[in-house]
Amino acid sequence: MAQFLLETVWLVPFYALTGGLLAIPWSPGIIRKTGSRPAGYVNLIMTFLALVHSVLALQFTWNQPPQEIFIPWLSTAGLNLTINLEISAVSVGAMVIVTGLNFLAQIFALGYMEMDWGWGRFYSLLGLFEAGLCALALCNNLFFSYVILEVLTLGTYLLVGLWFSQPLVVSGARDAFLTKRVGDLFLLMGVLGLWTLSGTWNYTELAAWANNTQVDPTVITLVGLALVAGPMGKCAQFPLHLWLDEAMEGPVPSTILRNSVVVASGAWVLIKLQPVLSLSPVVSSFMIAIGVVTAVGASLIAIAQIDVKRCLSYSVSAYMGLVFIAVGTQQNETALLLVLTHALASALLVMSTGGIVWNSVTQNVTQLGGLWTRRPISGLAFIVGILGLIAFPPLGSFWALVKLANELWESFPWLVGIIILVNALTAFSLTREFALIFGGKAQQMSERSPEVHWPMTMPMMILFGFVLHLPLVLQSLSILPDWASLNKDVVLLLIWSSIFGCSISLIIYLSNIPKPIRLPWKPLQDLFAYDFYTPKLYRITIIFGVAQLSKFADMVDRFIVDGIVNLVGLFSLLGGEGLKYSTTGQTQTYAFTVLLGLGFLCAWITWPFWKIQFLDFIF
C-alpha cells in the first residue's frame, strides 16, 4: 500500500485539475436546472481526495531519500525535454499545505459566495490553482516550473477579474497580470541563459553543476539577476509589489490562497535555485537588498493603510522580504520554515477579515470598531493570526524568525536589526488593524455586523487550531531549532520587539487619543499612505515610456506602413481607371498599343549599342 501511494503521488495535481474541469459545465449558460452548487461540491470531493493522498504519502516519505520520476515529453534537434518529478518529504509536505488550505478555502467559499453567479467558474479556477501549485511542488525541472508559474499568472488574472462588471476589478486584474509578466519575461531570459551554461534544467543536476563549475562572473551575475526577477514578481517584492495590492479586488476565498501559498510559489523556485544564485556574490547581495527594502518599506506602508485587505497585503510582502533575506544568506531550511509558518497564519488572518468584508458595508478600518462583542470568534482568530505571524513564543513564526536571526548574528549582525525592526512594525500594524476593527465603540457601519455562519466559521476554527498546534507538529518532526544552541540575546530582542510593537499600537488606538493619528510631518505621512509614490513613479516612467513608444509606433504604422500601402493602392486605382477608359474595342488601337510597347522594349534593350555609336559619332 505504501509503495502504491508513493508511486501514484504524482496524480495529486490531477485530482484538483479533474475537479476544476468537472465544474466547468455549471458555468453560466451550460447547466442551469441544478444551480451552480454542485460545482463546489465536486471540487470539495476532489480536493479532499488530494489531501488524503498527500497526507498518507507524507508518512512514507518522511526521513526517506528523495525519489525521481522522469517522464519524456519532447526530443528534437538535440533538445530533450523531460518532465522531472521529485518525491520527497519536502515536496509532499508542500502539497499537504496547498491541498489543506485550498480545502478550507473552498469550504469558506460555500458561505462567502453563496449567492454569487460566478460560482462554477470560481471553483474551476480554484482547481486550476491547486493543480498548478501541487505540480510546482513536485516539479524538479526549471523550464516546466516556469511554465507552471505562467499558468498561475493566468489563473491570478482570471480569479481577480471574476467580477468583471466592476471597473476596479478589471483594472486590478489587468495591473496584476502585467506586473507579474514583467518578472516572468526576465525569468524566461534567465531560464534560457542558464541552459547555455549548464546544459540542464534539472534542479538536482543544477546544484551539482554549481558545486563543480567555474563560470564567468559577469555572465552568471546577469543570468542570476534574471532568475531572481521572476520570484520578485511572484513574491510581491519592490518594485513589482503593486500587483498584490491590486489583486485584493478579487473574492476573499481566492485571497486566502493568494496571500498564503501563491506568493510562496516564487519563494519555492528561489529556494530551488539557491545553489546557482550563490555562485554570484552580486546576486546574493541583490536578494538581500531587495528583501530589506521590501520588508522595511512594506511594513511602514501597511501602518498607513485604511483598507482592511490592503493592510494585510503589505504585511505579506514584508514577510516575503524576510524569505529573500534567508535565501540570499543561503539559509534554505529557514526560508522553508518561514514560508510554512507564514502560510498558515496569513490564511487565518484573511479568513478572519473575510467575514467582516462579507457582511459589512465598508472595508475602511476607520469606519469599523466595537466588533469584539459581536464577533468574538473572528476576533480570537485574528489575535492568533497576529501572534502566529510575529515572534511570539511558542507559535510558529517565533521559531522561524529566531532561527533566521540566530544564523545571521555572527555574519550579518545589521540584518538582525532589520529583522527586529520588521517584526516590531508588523506587530504594530496588525495590532492597529485589530484595535480599529474589534476595539473601541461600535460605529454606524459596524453596529449590525453579526458573526458569520458556519461554512465560514468552521474552516476558520480548524485553521485556528492548526496555527496553535503548529509548534507541537514541528517539534514531533524534529524541525524546530535546538533551544540550547540559540542566542538568548537575539531571542529576547525579538520577543521584546513583538511586545513593544503590540503595546504601543494598543495604547495609541485603544486610548482617547484623537483619531486618525497624524504624523508631525505631513509629507512623511503621505509618503507612507501613497505607497512611497510607487504608482506615480510607474505613471511618469514606465507607463509614460510605453505610451510614447506606442504613439511612435502608431505614427510609423499610419504614415509609413499605411502610406506605402495606400500609395500602391492609389497607383493601382489610377492604373485601372486609365485602362478602363483606354479600352475602346478598336483593333487598330490595340495593335498600335502593342507596337508602341514593343518599340519601347527594343529601344531599352538596344540603348547601350546606340549610346556607343552616338558617342563615337561625336568624338
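For clarity, every value in this text was computed on a predicted model and none was experimentally measured.

Definitions and limits used
Residues numbered from 1 in each chain as written. Predicted model: local features only at pLDDT ≥ 70, side-chain atom pairs only at ≥ 80, totals over all residues. Heavy atoms only, no water. Helix = DSSP H or I, 4+ residues; strand = E, 2+ residues; numbered from the N terminus. Buried < 20%, exposed > 50% of the residue type's maximum accessible area, 1.4 Å probe, protein only. Contact = heavy atoms within 4.5 Å. Areas by Shrake-Rupley, 256 points an atom, 1.4 Å probe, with all protein chains shown as cover. Lys, Arg positive; Asp, Glu negative; His and termini not counted. Charge placed at Lys NZ, Arg CZ, Asp CG, Glu CD. Core = buried A, V, L, I, M, F, W, Y, C linked by side-chain atoms within 4.5 Å. Salt bridge = Lys/Arg side-chain N within 4 Å of Asp/Glu carboxyl O. UniProt positions renumbered as here; feature names shortened; annotations may be inferred. Axes fitted to C-alpha atoms, helices over the stretch in contact; angles between N-to-C directions. Parallel < 35°, antiparallel > 145°, perpendicular 65-115°, else oblique. Left-handed = near helix turned anticlockwise from the far one by under 90°. Nonpolar A, V, L, I, M, F, W, Y, C, P; charged D, E, K, R; others polar. Phe/Tyr/Trp six-rings, centres within 6.5 Å; stacked < 30°, edge-to-face > 60°. Patch = residues over 30% accessible without salt bridge, like charges linked within 9 Å, V, L, I, M, F, W, Y side chains within 5 Å. Polar contact = N/O pair within 3.5 Å; in protein donor to acceptor, adjacent residues only side chain to side chain.

1. Some thoughts on the overall build of the protein chain
Then step 1. Helices and strands together make up the secondary structure of the protein chain, namely 23 helices and 2 strands.
Then step 2. With the C-alpha coordinates aligned to their principal axes, the bounding extent of the protein chain is approximately 115 × 65 × 60 Å.
Then step 3. A total of 619 residues make up the protein chain; the buried ones form 51% of that total.
Then step 4. When contacts within the protein chain are restricted to residue pairs at least 6 apart in sequence, those whose partners lie at least 24 apart make up 80%.
Then step 5. Taken as a whole, the protein chain presents about 28,900 Å² of accessible surface, with 71% of it coming from carbon and sulfur.
Then step 6. The positive charge centre, built from 28 side chains, and the negative charge centre, built from 30, are 12 Å apart in the protein chain.

2. Focus on the nonpolar core
Then step 1. Counting residues in hydrophobic clusters, the biggest one holds 175 residues, and the most contacted among them are Leu 142, Leu 227, Leu 463 and Leu 494.
Then step 2. It is helix H18 (residues 413-438) that contributes the most residues to this core, 15 residues altogether.
Then step 3. Excluding residues that lie within four positions of it along the chain, Leu 142 makes contacts with Val 191, Leu 194, Trp 201, Tyr 203, Leu 227, Val 269 and Leu 273.

3. Considering the pattern of salt bridges
Two side chains that carry opposite charge are able to pair once their charged atoms sit near each other.
Then step 1. Taken as a whole and judged by the stated rule, the model has 4 salt bridges.
Then step 2. Asp 184 is paired through a salt bridge with Lys 234; the nearest N and O atoms lie 3.4 Å apart. One end of the pair, Asp 184, is in helix H7 (residues 167-198); the other, Lys 234, is in helix H9 (residues 217-234), with 50 residues separating them in the sequence.
Then step 3. Residue Glu 333 is joined to Lys 403 by a salt bridge in which the shortest nitrogen-to-oxygen separation is 3.7 Å. Taken together, the positions of Glu 333 in helix H15 (residues 332-359) and Lys 403 in helix H17 (residues 396-408) put the pair 70 residues apart, joining distant regions of the chain.

4. Here we look at the UniProt feature "domain: NADH:quinone oxidoreductase/Mrp antiporter transmembrane" (unreviewed entry) in the protein chain
Then step 1. This chain's UniProt record puts "domain: NADH:quinone oxidoreductase/Mrp antiporter transmembrane" (unreviewed entry) on residues 140-422.
Then step 2. Here residues 140-422 runs as 77% helix and 0% strand, with 33 Å between its end C-alpha atoms.

5. Here's the deal with the packing of helix H5 (residues 119-138) against helix H11 (residues 252-272)
Then step 1. In the contact formed by H5 and H11, the axes pass within 11 Å of each other and the chain directions differ by 25°. One way to sum up the angle between H5 and H11 is to call them roughly parallel. The chirality of how H5 crosses H11 is left-handed. Here H5 contributes Phe 122, Leu 126, Phe 129, Leu 133, Leu 136 and Ala 137 to the contact with H11, which in turn contributes Pro 253, Ser 254, Leu 257, Val 261, Val 262, Ser 265, Trp 268 and Val 269.
Then step 2. In the contact of H5 with H11, the residues fall into 12 nonpolar, 2 polar and no charged.

6. Topic: the packing of aromatic side chains
Then step 1. Within the structure shown, the criterion is met by 14 aromatic pairs.
Then step 2. Ring centres of Trp 10 and Phe 14 lie 6.1 Å apart, and the angle between their planes is 90°; this geometry places the pair in the edge-to-face category.
Then step 3. Accessibility expressed as a relative area gives 44% for Phe 14, which makes it partly exposed.
Then step 4. Ring centres of Phe 143 and Trp 201 lie 5.0 Å apart, and the angle between their planes is 20°; this geometry places the pair in the stacked category.

7. What about a nonpolar patch on the surface?
Then step 1. On the surface, a cluster of nonpolar side chains totalling about 690 Å² of accessible area is made up of Met 555, Phe 559, Ile 560, Val 561, Ile 564, Val 565 and Val 568.
Then step 2. Looking at where Val 565 falls in the secondary structure, it is placed in helix H22 (residues 534-582).
Then step 3. Residue class for Val 565 comes out exposed when judged on its relative accessible area of 56%.

8. Digging into the side chain of Ser 145
Then step 1. With respect to the helices, strands and loops of the structure, Ser 145 is situated in helix H6 (residues 142-160).
Then step 2. Residue classification places Ser 145 among the buried residues on the basis of a relative accessible area of 1%.
Then step 3. Of the polar contacts made by the side chain of Ser 145, one reaches the backbone oxygen of Asn 141; its length is 2.8 Å.
Then step 4. Dropping the residues within four chain positions of it, Ser 145 is found in contact with Leu 136, Cys 139 and Tyr 203.

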